[in-house]
Amino acid sequence: MAGRKDPNGSNRDIRDDFRAEIREFLGTRRSKVTPEQAGLPVYGGERRRVTGLRREEVALLAGISSEYYTRLERGNATGVSESVIEGIAQALQLDEAERIHLIALLRGAGTTRPPRRRPAQQRIRPAVQRVLDSMSGTPAFVLNGRGDILAANRLGRALFSPVYADPVRPPNNARFIFLNPHATEFFRDWNQVAGDCVAMLRAEAGRDLYDRRLTDLIGELSTRSEEFRHRWAAHNVRMHTTGVKLLHHPVVGDLDLPFESFPVGGDPSQFLLSYTAEPASPTQDALNLLASWAATDDDIERSTPADGSEPADSTETPD
């Protein structure tokens with residue numbers, strides 16, 4: 001996605017970007033499935049030039065012609081039926097996130113709408129902020145698909161105080177993970193967190209390749225982080241709605257925090273993320289200590305407006 005902007009402003013076919021994404025996504029998925037995994041025979045002595053499935057093998061498994069699948073992988077997505085999509089998804093052993101991503105790319109390849117300009121800054125409804133604040137014993141946030149932290153309660157800001165230390169607003173998880181040297185200390189499972197972060201950004205890009213803020217973020221991370229570039233090229237996508245986050249907080253030490261995320265009504269790109277601790281666990285003791293620290297630390301309060309609205313991004317320039 002990054003680097004595909006037209007520097008000359010010519011009236012090229014904007015579907016080309018989606019076609020390139022389809023080609024690269026399906027190509028990387030094919031490379032992950034071996035003939036043995038797909039239940040196909042491999043004859044002795046056969047020399048294969050590909051690490052995964054060939055196009056004709058995907059077509060065979062999907063029940064379509066090799067020529068049709070080849071055209072599709074090259075981005076010719078006109079009139080693709082649901083049965084064909086399901087056949088390809090089964091042949092490539094796509095999970096639900098990958099299947100949704102493929103559908104989004106195919107839909108985008110058929111659009112003719114122009115790229116969007118930079119959208120207005122996202123705002124959090126006062127009622128949503130009140131919900132966050134009512135969760136006094138639970139770190140809670142509202143984020144968007146780019147990983148911007150749009151709102152948080154007091155304990156959430158205390159928990160993610162290393163992320164809030166970046167003066168750029170809104171704080172962004174991806175920027176912290178890949179550009180801040182303290183990220184590998186804060187996230188004890190940094191490798192997993194980094195992979196999940198890139199996979200979520202890739203899924204968000206599939207929904208809209210022309211989100212100006214997202215393309216700017218991808219461009220920045222691609223330019224400044226080799227680790228991000230390597231992971232971005234893998235075209236992995238993921239839905240990350242539950243799990244356990246392993247953190248090392250600079251004030252209270254290690255925390256093992258199960259998390260859940262929920263969509264925020266009224267804005268499909270926003271979700272509420274909450275962390276909880278097992279009762280009577282060391283993590284619960286650490287959260288209690290963190291809550292006491294947060295109640296007396298004014299720096300955390302100054303990092304976010306009192307009304308919960310999104311501060312101006314100091315790096316933005318007008319269109």
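Definitions and cut-offs
Residues numbered from 1 in each chain as written. Predicted model: local features only at pLDDT ≥ 70, side-chain atom pairs only at ≥ 80, totals over all residues. Heavy atoms only, no water. Helix = DSSP H or I, 4+ residues; strand = E, 2+ residues; numbered from the N terminus. Buried < 20%, exposed > 50% of the residue type's maximum accessible area, 1.4 Å probe, protein only. Areas by Shrake-Rupley, 256 points an atom, 1.4 Å probe, with all protein chains shown as cover. Phe/Tyr/Trp six-rings, centres within 6.5 Å; stacked < 30°, edge-to-face > 60°. Lys NZ or Arg CZ within 6 Å of the ring centre and 35° of its normal. Core = buried A, V, L, I, M, F, W, Y, C linked by side-chain atoms within 4.5 Å. Contact = heavy atoms within 4.5 Å. Pairing = 2+ DSSP bridges. Axes fitted to C-alpha atoms, helices over the stretch in contact; angles between N-to-C directions.

> What should I look at first to understand the overall build of the chain in this one?
Helices and strands together make up the secondary structure of the chain, namely 16 helices and five strands. Per-residue burial over the chain gives 49% buried out of 319 residues. Looking at the chain as shown, the accessible area adds up to about 16000 Å², and 51% of this sits on carbon and sulfur atoms.

> Can you walk me through the packing of aromatic side chains in this structure?
Any two aromatic rings considered together are summarised by their centre-to-centre distance and by the angle between their planes. The full count for this structure, using the stated rule, is 12 aromatic pairs. Here Phe141 and Phe160 contribute two aromatic rings whose centre-to-centre distance is 4.8 Å and whose plane-to-plane angle is 45°, an arrangement assigned as tilted. Here Phe141 is found in strand β1 (residues 140-144), whereas its partner Phe160 is found in the loop between α8 (154-159) and α9 (161-164), with 19 residues between them in sequence. In this pair, the class of Phe141 matches that of Phe160, namely buried. Each ring, one from Phe160 and one from Phe187, has its centre 6.4 Å from the other, and the planes form 85°; the classification is edge-to-face. You can see Phe160 sitting in the loop between α8 and α9 and its partner Phe187 sitting in the loop between α11 (183-186) and α12 (190-207), a full 27 residues away along the chain. The residues Phe160 and Phe187 share a single accessibility class, namely buried. Through a chain of ring-to-ring contacts, three or more aromatic side chains come together here, namely Phe141, Phe160, Phe176, Phe186, Phe187, Phe259 and Tyr275. Geometry around Trp232 places Arg202 over its ring, the cationic atom sitting 3.7 Å from the centre.

> Explain the nonpolar core here, please?
Judged by nonpolar contacts, the single largest core of 75 residues is most densely connected at Ile88, Phe160, Phe178 and Leu201. Sort the elements by how many residues they give to this core and α12 lands first, with eight residues. Setting aside residues no more than four positions away along its own chain, Phe178 makes contact with Trp190, Ala194, Cys197, Val198, Leu221, Ser225, Glu227, Phe228 and Arg231. Formed by nine residues, the second largest nonpolar core is a distinct cluster that contains Leu132, Ala151, Val264 and Leu272.

> What's the story with the sheet that holds strand β3 (residues 242-249) in this structure? I'm lost.
Whenever strands of a sheet pair, they do so through backbone hydrogen bonds, lying parallel or antiparallel. Here five strands make up an open sheet; going across it, the order is β2-β1-β5-β4-β3 and the pairing antiparallel. Only two strands of the sheet have a single neighbouring strand rather than two, namely β2 (149-152) and β3. Here the strands of the sheet are splayed against their neighbours by 30° on average, with no regard to which way each runs. As defined by bridge partners, β1 adjoins β2 across three bridges and the pair is classed as antiparallel. Within β2, the position partnered with Phe141 by the bridge is Ala152. Where helix α15 (residues 282-296) meets the sheet, its contacts fall on β3 and β4 (253-263), and the angle it forms with β4 comes to roughly 85°.

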